[in-house]
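# Reading the structure
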Amino acid sequence: MLHRVDTPDPEGIWYNQHLKMSPQTIEEMVDEARRHKCRFVTLDELVEVAQQKRSVRRLISVTLDDGYRDNYTHGAPLFQQLKIPYTIYVCTKMVKGEMLYWWDILEHIVLTNDRVTLNDGQTFDCSTKEAKEQAFLDIREVILRLPQDNLLKHLQKLFCHYPVDYQTGNDWLGLTWEQLQELSREPLATIGNHTYSHLSFTGCTDAEICEDIQRATDEMQEHVGVRTRHFAFPFGEASAVSPHDVELVKSLGFTTSATTNHGYVRYGTDPLELPRLFVTERNWRQVLEWIVKLC
Ligand SMILES: [Zn+2]
């Protein structure tokens with residue numbers, strides 16, 4: 001599981017920067033994986049093999065979450081050069097430039113201030129890099145506890161002491177429909193569904209979840225002419241996918257769905273509950289060692 005194909009900024013906040021992996025590191029990782037006889041396959045091939053109880057080892061399927069523009073500018077040429085199939089799970093709200101990149105906004109605020117004060121008077125020390133990293137995580141927790149509907153209004157209140165461009169990122173972070181059309185003609189690329197709004201399923205009704213997923217399906221069909229068959233659950237680290245969520249996605253007819261649960265695919269793994277391995281600039285060697293040891 002990757003997100004962004006770009007070089008992490010060492011001056012930035014690691015919690016954001018760890019979503020980036022540079023093309024050089026990805027190439028190094030692929031070389032190392034191939035040296036250990038790993039083979040890169042499409043999601044369809046991976047699932048087909050896992051269902052057949054064939055003695056096949058070390059297949060890797062590359063997935064990229066969210067639909068960042070660098071997947072097109074840096075990722076596509078790199079994967080082409082390395083001859084690696086890949087799946088990009090696209091959140092269509094990003095494509096439409098309607099996203100609220102609050103994690104980037106928060107990073108900017110903690111990096112450009114020595115102390116951050118929220119509307120309720122809570123203050124966070126940001127005088128050193130270490131303090132900034134901690135402040136980011138602490139304020140992130142505050143944001144995650146805000147009512148997620150009309151988040152913009154709540155953020156504007158929270159950061160009332162700071163001049164913030166809430167449109168930030170919408171002009172340059174997401175893929176465009178034209179780029180997706182081009183990617184859809186690229187044999188190595190698969191385009192998957194990552195919902196419209198990247199909503200957290202917790203606290204949403206089944207109808208709201210289905211509507212958000214269906215909206216992404218419809219928009220991708222309309223603008224790119226692709227019917228998405230592969231899905232990735234939109235939420236992060238700790239929130240495990242509930243059996244109910246899996247059933248819900250199954251009912252929508254996807255061929256596979258990927259979670260962020262840590263693990264690898266083996267015979268009997270439910271294709272609608274695929275575990276993944278999150279690789280970063282810092283952990284990829286360790287992850288690869290683990291694969292080589294266990295698979
Ligand atoms: Zn995501």
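A short tour of the structure in this document, coming up. (Residues numbered from 1 in each chain as written. Predicted model: local features only at pLDDT ≥ 70, side-chain atom pairs only at ≥ 80, totals over all residues. Heavy atoms only, no water.)

### Observations regarding the coordination of the zinc ion
Looking at the zinc ion, one finds its protein donor set to be Asp 66 (OD), His 194 (NE2) and His 198 (NE2), positioned 2.1 to 2.2 Å from the metal centre. For the zinc ion, all donor residues lie on one chain, and their spacing in sequence is D-x127-H-x3-H. Here His 198 lies in the loop between strand E9 (189-193) and helix H10 (206-224) and Asp 66 lies in strand E5 (residues 62-66), a separation of 132 residues in the sequence. With relative accessibility at 29%, the residue His 198 sits in the partly exposed group. (Donors = N, O, S within 2.8 Å, 3.2 Å for Na, K, Ca; no water. Helix = DSSP H or I, 4+ residues; strand = E, 2+ residues; numbered from the N terminus. Buried < 20%, exposed > 50% of the residue type's maximum accessible area, 1.4 Å probe, protein only.)

### Some details on the environment of Val 110
With respect to the secondary-structure elements, Val 110 resides in helix H6 (residues 102-112). Here Val 110 falls in the buried class, since its relative accessible area comes to 0%. Spatially, the C-alpha atoms of Val 110 and Glu 133 are 8.2 Å apart, while their sequence positions differ by 23 residues. Residue contacts for Val 110: discarding those within four places in its chain leaves Ile 13, Val 116, Cys 126, Lys 132, Ala 135, Phe 136 and Ile 139. (Contact = heavy atoms within 4.5 Å.)

### Notes on the packing of aromatic side chains
Scanning all chains against the criterion turns up eight aromatic pairs. Members of the aromatic cluster, connected to one another through ring pairs, are Phe 201, Phe 231, Phe 233 and Phe 254. The lysine or arginine in question, Arg 215, covers the ring of Tyr 196, its NZ or CZ lying 3.6 Å from the ring centre. One residue, Arg 282, lies across the ring of Trp 14, its end atom 3.6 Å from the ring centre. (Phe/Tyr/Trp six-rings, centres within 6.5 Å; stacked < 30°, edge-to-face > 60°. Lys NZ or Arg CZ within 6 Å of the ring centre and 35° of its normal.)

### Here we look at the packing of H6 against helix H7 (residues 129-144)
Between H6 and H7, whose axes approach to 10 Å, the crossing angle comes to 140°. Of the possible angle classes, the one that applies to H6 and H7 is oblique. When you trace H6 past H7, the crossing you get is right-handed. Along the contact surface, H6 presents Trp 102, Trp 103, Leu 106, Glu 107, Val 110 and Leu 111, while H7 presents Lys 132, Ala 135, Phe 136, Ile 139, Arg 140, Ile 143 and Leu 144. Among the residues forming the contact of H6 with H7, the class breakdown is ten nonpolar, no polar and three charged. (Axes fitted to C-alpha atoms, helices over the stretch in contact; angles between N-to-C directions. Parallel < 35°, antiparallel > 145°, perpendicular 65-115°, else oblique. Left-handed = near helix turned anticlockwise from the far one by under 90°. Nonpolar A, V, L, I, M, F, W, Y, C, P; charged D, E, K, R; others polar.)

### Quick look at the pattern of salt bridges
Under the definition given, this model contains 13 salt bridges. The residue Arg 35 makes a salt bridge to Glu 32 at a minimum N-O spacing of 3.1 Å. Note that Arg 35 and Glu 32 are positioned in helix H2 (residues 23-35) at a spacing of three residues, about one turn of the helix. Classification of Arg 35 as exposed rests on a relative accessible area of 57%. (Salt bridge = Lys/Arg side-chain N within 4 Å of Asp/Glu carboxyl O.)

### Quick notes on the layout of surface pockets
Each pocket or cavity is described by its volume, and for the largest pocket that value is around 1,700 Å³. Forming the boundary of the largest pocket are 43 residues, of which Trp 102, Trp 103, Gln 148, His 198 and Ser 200 lie nearest the centre. Counting only elements with at least two residues in the lining of the largest pocket, the list comes to helix H1 (14-17), E5, helix H5 (92-95), H6, H7 and helix H8 (151-158). Counted by class, the lining of the largest pocket contains 20 nonpolar, 15 polar and eight charged residues. Empty space within the second largest pocket amounts to approximately 830 Å³. It is helix H12 (residues 284-294) that contributes the most residues to the lining of the second largest pocket, five residues altogether. When grouped by side-chain class, the residues that make up the lining of the second largest pocket number 31 nonpolar, four polar and six charged. (1 Å grid on protein atoms, 1.4 Å probe; cavity = no way out; pocket = protein on both sides within 12 Å on 5 of 7 lines; lining within 4 Å. Points joined across faces, edges and corners; volume = space filled by probe spheres on them.)

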